[in-house]
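Here is how the chains run, residue by residue.
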Amino acid sequence: MTYLWESGILNKHIINLKKDNEDKDLPAWMWLQKVIKTLGDGGMSSEESNVENNIHCVLWVKNMAWHRKMKQELDVINHQRVLDDDVFVPQGSKPMKRIHAPGNSMSEHSLITGLPKALYNGEWVDGLTGGQVERLNVSNNTFRWMKVVVA
């Protein structure tokens, strides 16, 4: 997923729609928006397209070792786009199945330093040396992680 796509979908469509309807799940959507904005463009993994079963086009999400796993949270955004397809412009890419798997190729995006600790993969951070952790320059800002589910 690209940062521009995700942040645009959240800002222009979902957040505004939720505000207009005074939806009770608005705080969860505001939090998802904060995750995307905090990660920025370099913090969004890239994807490779492929055809599965000669029928469906799928996207293989590239792995980023340093990145906290957030498949479920990003899937919530894509699911909402499918549900509210009448709100989105017909141009551009359509929502597609995204496959997150340990065997997927690695992203070429560079490590993003200075993020809050909650956005890094804890196991990855634990494997770093003291000097590597220092160079990671983890932000002192608190970033509370939410559990977001689709009802």
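Residues numbered from 1 in each chain as written. Predicted model: local features only at pLDDT ≥ 70, side-chain atom pairs only at ≥ 80, totals over all residues. Heavy atoms only, no water.

Student: Looking at this model, I keep getting lost on the overall build of the chain. Mind explaining?
Tutor: A tally of regular secondary structure across the chain gives 5 helices and 3 strands. Reading the chain from its N end, one meets helices and strands in the order α-α-β-β-α-β-α-α. For the chain, buried positions account for 39% of its 151 residues. Residue pairs in contact within the chain that sit at least 24 positions apart in sequence constitute 68% of those at least 6 positions apart. Per element, the accessible surface of the chain, about 9400 Å² overall, is 51% carbon and sulfur. (Helix = DSSP H or I, 4+ residues; strand = E, 2+ residues; numbered from the N terminus. Buried < 20%, exposed > 50% of the residue type's maximum accessible area, 1.4 Å probe, protein only. Contact = heavy atoms within 4.5 Å. Areas by Shrake-Rupley, 256 points an atom, 1.4 Å probe, with all protein chains shown as cover.)

Student: Just checking my understanding: could you explain the pattern of salt bridges for this structure?
Tutor: Side-chain pairs of opposite charge can arise whenever the charged atoms involved come near each other. Within the structure shown, the criterion is met by 3 salt bridges. Notably, a salt bridge pairs D23 with K18, separated by 3.5 Å at the nearest N-O pair. By relative accessible area, which is 25% here, D23 ends up partly exposed. Put simply, K18 and D25 hold a salt bridge, and the shortest N to O gap is 3.0 Å. Residue K18 is classed as buried on the basis of its relative accessible area of 8%. (Salt bridge = Lys/Arg side-chain N within 4 Å of Asp/Glu carboxyl O.)

Student: What's the story with the packing of aromatic side chains in this structure? I'm lost.
Tutor: To describe a pair of aromatic rings, you give the distance between the ring centres and the angle between the ring planes. Inspection of every chain in the model, using the stated rule, returns 5 aromatic pairs. Across from the ring centre of F143, 4.9 Å away, lies the NZ or CZ of K34, which sits over that ring. Between R68 and the ring centre of W145, over which it is positioned, the NZ or CZ distance is 3.8 Å. (Phe/Tyr/Trp six-rings, centres within 6.5 Å; stacked < 30°, edge-to-face > 60°. Lys NZ or Arg CZ within 6 Å of the ring centre and 35° of its normal.)

Student: Whenever I open this one, the side chain of E73 confuses me. Can you help?
Tutor: If you trace the backbone, E73 turns up in helix α3 (residues 71–83). In this structure, E73 is buried with no salt-bridge partner, the nearest side chain bearing the opposite charge being R68 at 5.9 Å. At a separation of 3.4 Å, a polar atom in the side chain of E73 contacts the side chain of W145. Those residues in contact with E73 that lie beyond four places of it in its chain are W31, L32, W145 and M146. (Lys, Arg positive; Asp, Glu negative; His and termini not counted. Polar contact = N/O pair within 3.5 Å; in protein donor to acceptor, adjacent residues only side chain to side chain.)

Student: Looking at this structure, how should I read unusual backbone geometry?
Tutor: Look at E22: it is not a glycine, yet its phi comes out positive at around 50°. A positive phi angle, near 55°, is found at N137, a position not held by glycine. Examined against the element boundaries, N137 turns out to sit in the segment after α5 (130–136). Assessed through its relative accessible area of 53%, N137 is described here as exposed.

Student: Just checking my understanding: could you explain the nonpolar core for this structure?
Tutor: Side chains of a nonpolar character, in soluble globular proteins, are inclined to be buried together. Counting 25 residues, the largest nonpolar core has W29, L32, V35, L39, I77 and L119 as the members making the most contacts within it. Elements represented by at least two residues in this core include exactly α1 (3–20), α2 (26–39) and α3. The element that contributes the greatest number of residues to this core is α2, accounting for 7 residues. (Core = buried A, V, L, I, M, F, W, Y, C linked by side-chain atoms within 4.5 Å.)

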